[in-house]
Amino acid sequence: WSQGEGTTSTLTVGNGILIGSVQWSALYGNDAKTGKMLWNISDYGLRNRGASAAMHGSLLYIISEKSFFILEAQTGKIIVRKQLPYNLDVTSTPLLTEKEILFGTADKVLVALDRQTLEVKWNTMVDDALIFTAPYTHSFSATIETSPVLAGNTVYVSASDGTVYAIDASTGVVLWKYEMGAPVFSTPAISGNTLVVTDFGGNIYAFNT
């Protein structure tokens, strides 16, 4: 398939399918072995999102504009499109826990949907971004460009306000946070009991989870 503008999204692979995208064009499903395009979809803002898809089993979970989507990975068929009162023009990949689906937003909060009902279970506010990265946003814009990660029942997420947060996955209550003073655009990494975070100032932090 034809190229074009660059994209901030990363590739997703599973079940022999490679998911990629071109900004302003489409989301694409390809045969992972041959590269043959199986499908493409550009409806409902899926052509211009920056977020990557999460693949669980035969399904893709992704956010775009003001909607949360569940797609069939093999065909690209939209199974669920849930419109939300949030700006989702961010690069946050949804995290699926046993009971929640979590992702960042461009203007408000970290959101948790109930995995069964897809209703908003809780949201946790962060502070104003130090750098405005989402399209057409300005102060006040509490942006989370990163993807949340899970350890035990704690969700860790870093935000454009220069802070890393540890949040109870069931309630959305902030357990602890650390202000680094520079925005964070990279997803935290967990290894054993260590949480590693890098900030836009070029610093690397390691926390005991």
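Refer to the structure presented above.
Notes on the structure in this doc start here. (Residues numbered from 1 in each chain as written. Predicted model: local features only at pLDDT ≥ 70, side-chain atom pairs only at ≥ 80, totals over all residues. Heavy atoms only, no water.)

### Considerations on the sheet that holds strand E3 (residues 26–31)
For sheets, the rule is that strands pair by backbone hydrogen bonds, running either parallel or antiparallel. Read across the sheet, 4 strands follow the order E1-E2-E3-E4 without closing on themselves; strand pairing throughout is antiparallel. Of all the strands in the sheet, just strand E1 (12–14) and strand E4 (37–41) have a single pairing partner and so form its edges. Strand-to-strand twist of the sheet, defined as the mean angle between neighbouring strand axes without regard to direction, takes the value 20°. Where E1 lies against strand E2 (residues 17–22), 3 bridges are found, and the strand directions are antiparallel. (Pairing = 2+ DSSP bridges. Helix = DSSP H or I, 4+ residues; strand = E, 2+ residues; numbered from the N terminus. Axes fitted to C-alpha atoms, helices over the stretch in contact; angles between N-to-C directions.)

### A few points about the side chain of serine 92
Relative to the helices and strands, serine 92 resides in the loop between strand E8 (78–83) and strand E9 (95–96). Its relative accessible area of 0% is what places serine 92 among the buried residues. A polar atom in the side chain of serine 92 sits 2.9 Å from the backbone nitrogen of glycine 104. Polar side-chain contacts of serine 92 include one of 2.8 Å to the backbone oxygen of threonine 146. Beyond its immediate chain neighbours, meaning those up to four positions away, serine 92 contacts Ala51, Ile63, Phe103, Gly104, Ile144, Glu145, Thr146, Ser147 and Pro148. (Buried < 20%, exposed > 50% of the residue type's maximum accessible area, 1.4 Å probe, protein only. Polar contact = N/O pair within 3.5 Å; in protein donor to acceptor, adjacent residues only side chain to side chain. Contact = heavy atoms within 4.5 Å.)

### Describing a nonpolar patch on the surface
A grouping of Leu130, Ile131 and Phe200 is seen on the molecular surface, where their side chains present a nonpolar patch of about 290 Å² in accessible area. Within the element layout of this structure, leucine 130 appears in the loop between strand E12 (120–125) and strand E13 (149–151). Leucine 130 gets classed as partly exposed once you look at its relative accessible area, which sits at 46%. (Patch = residues over 30% accessible without salt bridge, like charges linked within 9 Å, V, L, I, M, F, W, Y side chains within 5 Å. Areas by Shrake-Rupley, 256 points an atom, 1.4 Å probe, with all protein chains shown as cover. Salt bridge = Lys/Arg side-chain N within 4 Å of Asp/Glu carboxyl O.)

### Structural notes on the pairing of strand E7 (residues 67–72)
Counted residue by residue, E7 has 5 buried out of 6 residues, so it is predominantly covered. When strand E6 (residues 59–64) meets E7, the two strands line up antiparallel, connected through 6 bridges. Across the sheet, isoleucine 62 pairs through a bridge with phenylalanine 69, a residue of E7. Turn length for the E6-E7 hairpin, with the two strands adjacent in sequence and antiparallel, is 2 residues, and the turn residue glutamate 65 shows positive phi of about 55°. The antiparallel hairpin formed by E7 and E8 contains 5 residues in its connecting segment, where glycine 76 sits at a positive phi of about 80°.

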